Amino acid sequence: MAAPARAADVVGSSLKLDVVLPALQAIVPRLSLGRHKGDAGKIAVVGGCKEYTGAPFFAGISALKMGADLAHVFCSKGAATVIKSYSPELIVHPTLEESYLLSKLAEKEKEEIKQKVLEEVEKWLPRFDCLVIGPGLGRDPLILDCVAAIIDSAKRDNIPMVIDGDALFLVTNNPELVCGYPLAILTPNFNEYKRLVARIMGPENDVLSNYHDIPDNNIPSLLKVLANRMGGVTIVQKGEKDIISDGNSVLISGFFGSPRRCGGQGDVLSGSIGVFTPWARQFLSQQDQSVTKLVTERLSKNPTLSGAFAGSLLVRKAAATAFSQHKRSTVTTNIIDSLGISMDELFPL
């Protein structure tokens, strides 16, 4: 009997869920009484400022709802109390400093504060299985400088990271932060994707002039080239179908989904990918290739590609479930509430 087609080999055609779902199910750790707190994942969200407090909450609580044991949020002091009020489940660190509070300080003093922020975050980094960077981050220049330093530290520790929201703005303007780092996953929407293409593949120092010229068709091929030029990062181009590539393979996630496009769904996705990726990484690190064969043949040897596809599938399923119940009034909290039942349906215990 012929081996099942790998997802990457059937780009543009009808991918069968019964081919890839058993592989995805294999990477999800089984629950047992013998497990300890933290075994199923310790995730950190870096994001949240005085204007945006919902996004980091959505990402962190989604990680917990779909199976992580612990979720931390590193945010600005102005956002911390608000985020804590949303749920006692999140461990909130009021670490990031915003420029408007420090406008009277000299540059040397600001640099000292930046170093203190980095030192505080670096104390925690070895504890985390994945970072989700960007939800509700904002574009404060001091915060973005701190986040750039956090990304560099995470790379030194080989920590997977999901780059979303305003961290994509940071990376688009400073692609060297993630280029060549295979444990980075970028989750741009369509406009963010086009800006990234213009920055990486357009003429040097001519970003915006090419932005509207980027073709809307043949995204899978262009996305593959983009991921390859960025040195093998994984990119999830979110849309009617989520198109995912690491520069070698392309996966298209078009199952389930919802016509309701409420704000916050991307945060749920980034939190979910932030859990699935270290699960996939741990599973694929096993030496026994007979155990990992199902995943490597039907999906990929790359844990970020498998983690991104699994996260996409789960969130699309949860969105479909929420929409079936709430229709036009569906909001992100409904989708989060549907994560548990969707996990049970797709990845039964």
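Before going into details, it helps to say that this report is about the structure given with it. Since the structure is predicted, the reported quantities are computational estimates derived from the model, not experimental observations. (Residues numbered from 1 in each chain as written. Predicted model: local features only at pLDDT ≥ 70, side-chain atom pairs only at ≥ 80, totals over all residues. Heavy atoms only, no water.)

**Re the packing of helix H1 (residues 17-27) against helix H10 (residues 289-298)**
Each pair of packed helices gets described by two things: the angle between the helix axes and the distance between those axes.
Phase 1 of the analysis: Relative to each other, H1 and H10 sit at 135°, their axes nearing to 9 Å. Judged on the interaxial angle alone, H10 and H1 are oblique. For the pair H1 and H10, the sense of crossing is left-handed. Here H1 contributes Asp18, Val19, Val20, Pro22, Ala23, Ala26 and Ile27 to the contact with H10, which in turn contributes Leu294, Val295 and Arg298.
Phase 2 of the analysis: Looking at the contact of H1 with H10, its residues break down into eight nonpolar, no polar and two charged. (Axes fitted to C-alpha atoms, helices over the stretch in contact; angles between N-to-C directions. Helix = DSSP H or I, 4+ residues; strand = E, 2+ residues; numbered from the N terminus. Parallel < 35°, antiparallel > 145°, perpendicular 65-115°, else oblique. Left-handed = near helix turned anticlockwise from the far one by under 90°. Contact = heavy atoms within 4.5 Å. Nonpolar A, V, L, I, M, F, W, Y, C, P; charged D, E, K, R; others polar.)

**Looking at the pairing of strand E3 (residues 91-96)**
Phase 1 of the analysis: Both strand E2 (residues 70-76) and E3 contribute to a ladder of five bridges, which runs parallel. Counted as the bridge partner of Val73 is Val92 from E3.
Phase 2 of the analysis: Chirality of the crossover, the property in question, places the unit of E2, helix H3 (residues 77-86) and E3 among those that are right-handed. (Pairing = 2+ DSSP bridges. Right-handed = clockwise from strand over helix to strand, strands pointing away.)

**Notes on the pairing of strand E1 (residues 42-46)**
Phase 1 of the analysis: For E1, the buried fraction is high: four of the five residues fall into the buried class.
Phase 2 of the analysis: Sheet analysis places E1 next to E2, joined by five bridges and oriented parallel. Note that in E2 the partner of Val45 across the bridge is Val73.
Phase 3 of the analysis: This β-α-β element, E1 to helix H2 (residues 54-65) to E2, shows right-handed connectivity.
Phase 4 of the analysis: Note that E1 and strand E4 (residues 130-133) share four bridges and pair parallel. Counterpart to Ile43 in the pairing with E4 is Cys130. (Buried < 20%, exposed > 50% of the residue type's maximum accessible area, 1.4 Å probe, protein only.)

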